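# Secondary and tertiary structure notes
The lines below spell out each chain.
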Amino acid sequence: MLSYRHSFHAGNHADVLKHTVLVAILRALQQKEKGFFYLDTHAGAGRYSLQSKESEKTAEYLAGVAPLWDAPGLPAVVADYLKQVKATNGDGQLRYYPGSPLIAANLLRSQDSALLCELHPSDFPLLRRAVQPFTNMKCLRGDGYQQLKAALPPPTRRGVILMDPSYELKSDYEQVVTALCEGYKRFATGTYAIWYPVVLRTHIKRMVRALAQTGIKKILQIELAVRPDSTQRGMTASGMIVVNPPWTLEAQMREALPFLAQTLVNEGTGSWQLEWIVGEN
């Protein structure tokens, strides 16, 4: 399915959570001098104009990154995330939102490398243009899941894999678990970060059960809800499932999640959770 366009949703609450977690993971990998590999299986366009007709139609960023722009008392990991967004807006005004490829591009060092995969025929040239100045970023128009077989393990044996499908189909929830297992067989020490939307809670419960049955250890679930679960149309929450999370991530998110819930969510309508699907033992 190629109908999904992230330009309608750029900078929303789900992006805030996803990219805060991503920045935290990348920073943790930078604690060692040895280079690492970044694989983005569903990279998107790389950068989004918040003044585009798509963004203006939904204006989801107004309840996402916008309330953080001048907010006081940001937790350190949220402040670091916001720094990456501001780097894409040189005049100090919130006009553009960086996707995960551009956030990674700004953080990767010369010894690090990245492979960015995107299938959409309109988004791929935009992605390539967005990261063109970064010589350690390679773009591939194709199925990113295939690179979990072809590109892993990386030569450095260090890396993070971001899986961020559109979930247009119910089968996407199953496919992401299958793809994780494929990658894990080849690169068991890598960090895998899987984003998911909560549209129907039953899909998430089924996916979590499937993850728990894979035999993979150290699976952390991070979730931010803007309103209670519902059977009505629309995303009520989003989350990140992280396999082999950096040891610092849990504490960082315990600080960040209450702040995000208070800042982005109408009082009394949201919640957050942070729990281990599978622990180390």
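As a starting point, this report considers the structure included with it. Note that the structure is predicted; figures quoted are calculated from it, not measured. (Residues numbered from 1 in each chain as written. Predicted model: local features only at pLDDT ≥ 70, side-chain atom pairs only at ≥ 80, totals over all residues. Heavy atoms only, no water.)

### Brief notes about helix H5 (residues 123–130)
Applied cut-off: Burial here depends on accessible area, computed with a 1.4 Å probe over protein chains only, as a share of the maximum for the residue type. Under 20% is buried, over 50% is exposed, and the range in between is partly exposed. Numbered from the N terminus, helices here are DSSP runs of H or I no shorter than four residues, and strands are runs of E no shorter than two. What the arc describes is the spread of directions from the helix axis to the C-beta atoms. In what follows, a contact means two residues having at least one pair of non-hydrogen atoms within 4.5 Å.
Among the residues of H5, Asp-123, Phe-124 and Leu-127 are the ones counted as buried. Axial view of H5: buried residues confined to an arc of 100°, hence all on one face. Packed against the buried residues of H5 are helix H4 (100–107), strand S4 (113–117) and strand S5 (137–140).

### Quick look at a positive patch on the surface
Keep this limit in mind: Patch definition: residues with relative accessible area over 30% and no salt bridge; like charges joined within 9 Å; nonpolar side chains (Val, Leu, Ile, Met, Phe, Trp, Tyr) joined within 5 Å. Using the Shrake-Rupley algorithm and a 1.4 Å probe, accessible areas are obtained, with residue cover drawn only from the displayed protein chains. Counted as salt bridges are all cases of a side-chain nitrogen of Lys or Arg within 4 Å of a carboxyl oxygen of Asp or Glu. Just so you know, the count uses Lys and Arg for positive and Asp and Glu for negative, and it drops His and the chain ends. Just so you know, the charge point we use is NZ for Lys, CZ for Arg, CG for Asp and CD for Glu.
A surface patch of like charges, here positive, comprises Lys-170, Lys-205, Arg-206 and Arg-209. If you trace the backbone, Arg-209 turns up in helix H8 (residues 201–212). Given the relative accessible area of 48%, Arg-209 is considered partly exposed.

### A closer look at the sheet that holds strand S6 (residues 159–163)
Going by this rule: For two strands to be treated as a pair, DSSP must find at least two bridges joining them. Note on definitions: angles span 0 to 180 degrees between N-to-C directions of axes, and those axes are lines fitted to C-alpha atoms, for helices only across the stretch in contact.
If you trace the eight strands from one edge of the open sheet to the other, you get S5-S4-S1-S6-S7-S9-S8-S10, paired in mixed fashion. Two strands bound the open sheet, and with one partner strand each, they are S5 and strand S10 (271–278). Strand after strand, the sheet turns through a mean of 15° between neighbouring axes, direction not considered. The pairing of strand S8 (residues 219–225) with S10 spans seven bridges and is classified as antiparallel. Looking across to S10, one finds that Ile-219 is bridged to Val-278.

### Describing the pairing of S6
The following threshold applies: By convention a crossover is right-handed if, when the strands point away from the viewer, the path from the first strand over the helix to the second runs clockwise.
Taking burial as the measure, the five residues of S6 include five buried ones, the bulk of the element. Both faces of S6 are covered, namely the face carrying Gly-159, Ile-161 and Met-163 and the face carrying Val-160 and Leu-162. When strand S1 (residues 37–40) meets S6, the two strands line up parallel, connected through four bridges. Residue pairing in the sheet places Phe-37 in a bridge with Gly-159 of S6. Pairing analysis gives four bridges linking S6 to strand S7 (residues 191–198), with the strands arranged parallel. Note that in S7 the partner of Val-160 across the bridge is Thr-191. Note that the unit made of S6, helix H7 (residues 171–186) and S7 has a crossover that is right-handed.

### Examining the packing of helix H3 (residues 76–87) against helix H9 (residues 249–264)
Rules: Orientation labels follow simple angle bins: below 35 degrees gives roughly parallel, above 145 gives roughly antiparallel, 65 to 115 gives roughly perpendicular, and whatever is left gives oblique. Under the scheme applied here, ten amino acids are nonpolar (Ala, Val, Leu, Ile, Met, Phe, Trp, Tyr, Cys and Pro), four are charged (Asp, Glu, Lys and Arg), and all others, including Gly, are polar.
In the contact formed by H3 and H9, the axes pass within 8 Å of each other and the chain directions differ by 75°. With respect to each other, H3 and H9 are oriented roughly perpendicular. Seen from H3, the contacting residues are Ala-76, Val-77 and Val-78; seen from H9, they are Gln-252, Glu-255, Ala-256 and Leu-260. A per-class count over the contact of H3 with H9 returns five nonpolar, one polar and one charged.

### A closer look at the nonpolar core
Stated formally: Only buried residues count toward a nonpolar core. Its members are Ala, Val, Leu, Ile, Met, Phe, Trp, Tyr and Cys residues joined through side-chain atoms within 4.5 Å.
Ranked by size, the top nonpolar core spans 95 residues in total, and within it Tyr-38, Met-163 and Ile-222 carry the most contacts. Looking at this core element by element, the count peaks at ten residues for helix H1 (residues 13–29). Once residues within four sequence positions are removed from consideration, Met-163 is found in contact with Thr-41, Tyr-145, Leu-148, Val-176, Ala-179, Leu-180, Tyr-192, Ala-193, Ile-194 and Trp-195.

### Re the packing of H1 against H3
Axis separation between H1 and H3 bottoms out at 9 Å; the angle between their running directions is 100°. In terms of orientation, H1 lies roughly perpendicular with respect to H3. Contact residues: H1 offers Asp-15, Val-16, His-19, Thr-20, Val-23, Ala-24 and Arg-27, while H3 offers Val-77, Val-78, Asp-80, Tyr-81 and Gln-84.

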